Amino acid sequence: MIMRSRMHDDRNAPLAALALILALAGCAAADERTRPATASIEGVIQHPAHAVPAMRICALSTSDTREPHRCTTTRAGADTYRIDGLPPGEYYVFAEVATGLHRVGGHMQVVQCIRAPCPEQPKTVTVTAGTTLRDIDLTHFYDKRVDFRALPPID
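It should be emphasised that the depicted structure is a prediction, and the values quoted were computed from it without experimental measurement.

1. What to know about the overall build of the protein
Part 1: Counting its regular elements, the protein contains one helix and 11 strands.
Part 2: Secondary structure elements in the protein, listed N-terminal to C-terminal, are α-β-β-β-β-β-β-β-β-β-β-β.
Part 3: Burial statistics for the protein: of 155 residues in total, 28% are counted as buried.
Part 4: Across the protein, every contact between residues at least 6 apart in sequence was considered, and the portion connecting residues at least 24 apart equals 70%.
Part 5: Carbon and sulfur atoms make up 57% of the accessible area of the protein, which amounts to about 10500 Å² in all.

So this is what it looks like as structure tokens:
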């Protein structure tokens, strides 16, 4: 009887292993379905300094809470940036330089106005899941802009 019991167990071992593999595969597939799809943005940095300084660049939600937000940092001399992991939504993109002139910048648009001069305004960026928006360039830098949102604290 002991021999028969062992034989019975040995024959079911491949089935048990297959069941375990299928169960784990199902869990992995379910994890992929429940993970929210995100987007990316990227662009060129056109800082007026002779050499582009290191900076922190953030995509800030247009909502009042500014959540969610994503930030990245660039090294001195880097003339491009990329921010990954953005949930679908609308964002402003701002940059901050630690030292020197032209310390704040952003992805801006020229605005028509009756009086001159009319400063450029932050341009919203709308991202959808699974996409990468290119040409979200940082073309305007200023010594100070009180109308720019402050970047969130470094995590």
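2. Side note on the environment of leucine 60
Part 1: On the secondary structure map, leucine 60 appears in strand E2 (residues 55-61).
Part 2: For the pair leucine 60 and tyrosine 91, spaced 31 residues apart in the sequence, the C-alpha separation amounts to 5.1 Å.

3. A look at the sheet that holds strand E1 (residues 39-44)
To summarise the sheet geometry, strands pair through backbone hydrogen bonds and adopt either a parallel or an antiparallel arrangement.
Part 1: Taken together, the three strands give an open sheet; going across it, the order is E4-E1-E10, and neighbouring strands pair in mixed fashion. Edge positions in the open sheet fall to strand E4 (80-86) and strand E10 (132-133), since each of these has one partner strand only.
Part 2: Across two bridges, E1 lies against E10 in parallel orientation. Directly across from serine 40, in E10, lies its bridge partner threonine 132.

4. Re the pattern of salt bridges
Pairs can form between side chains of opposite charge whenever their charged atoms are close.
Part 1: Going through the model one piece at a time under the given rule, you end up with four salt bridges.
Part 2: Salt bridges here are not isolated pairs; linked through shared partners, they connect Glu42, Arg82, Asp84 and Arg134.

5. Regarding the state of the cysteines
Part 1: On inspection of all chains with the given rule, the structure shows two disulfides.
Part 2: Across the disulfide from cysteine 113 sits cysteine 118; the S-S distance is 2.4 Å.
Part 3: Residue cysteine 113 is classed as partly exposed on the basis of its relative accessible area, which comes to 37%.

6. A few points about the confidence of the model for the protein
Part 1: Per-residue confidence for the protein gives a mean pLDDT of 83, with 76% of residues at or over 70.
Part 2: Per-residue pLDDT stays below 50 along residues 27-31; that stretch engages in zero contacts with residues further than four places along the chain or on separate chains.

7. Let's talk about the environment of threonine 124
Part 1: You can see threonine 124 is positioned in the loop between strand E8 (121-122) and strand E9 (125-127).
Part 2: A residue is classified by how much of its surface remains accessible, and threonine 124, at 36% relative accessible area, is partly exposed.
Part 3: Separated by 16 residues in the primary sequence, threonine 124 and methionine 108 have C-alpha atoms spaced 8.4 Å apart.
Part 4: Excluding residues that lie within four positions of it along the chain, threonine 124 makes contacts with Thr62, Tyr91 and Tyr92.

8. Topic: the nonpolar core
Part 1: Ranked by size, the top nonpolar core spans 19 residues in total, and within it Ile41, Ile45, Met55, Ile57, Tyr81, Val93 and Leu138 carry the most contacts.
Part 2: Looking at this core, the elements that each hand over two or more residues are E1, E2, E4, strand E5 (89-97) and E9.
Part 3: If you tally residues by element for this core, the top one is E5, at four residues.
Part 4: Not counting residues up to four positions away in its chain, the partners in contact with methionine 55 are Ile45, His47, Thr72, Thr73, Thr74, Ala95, Glu96, Val97 and Phe141.
Part 5: Grouped together as the second largest cluster of nonpolar side chains are eight residues, Cys58, Phe94, Val104 and Leu151 included.

Calculation notes
- Residues numbered from 1 in each chain as written.
- Predicted model: local features only at pLDDT ≥ 70, side-chain atom pairs only at ≥ 80, totals over all residues.
- Heavy atoms only, no water.
- Helix = DSSP H or I, 4+ residues; strand = E, 2+ residues; numbered from the N terminus.
- Buried < 20%, exposed > 50% of the residue type's maximum accessible area, 1.4 Å probe, protein only.
- Contact = heavy atoms within 4.5 Å.
- Areas by Shrake-Rupley, 256 points an atom, 1.4 Å probe, with all protein chains shown as cover.
- Pairing = 2+ DSSP bridges.
- Salt bridge = Lys/Arg side-chain N within 4 Å of Asp/Glu carboxyl O.
- Disulfide = S-S within 2.5 Å.
- pLDDT = per-residue confidence, 0-100.
- Core = buried A, V, L, I, M, F, W, Y, C linked by side-chain atoms within 4.5 Å.

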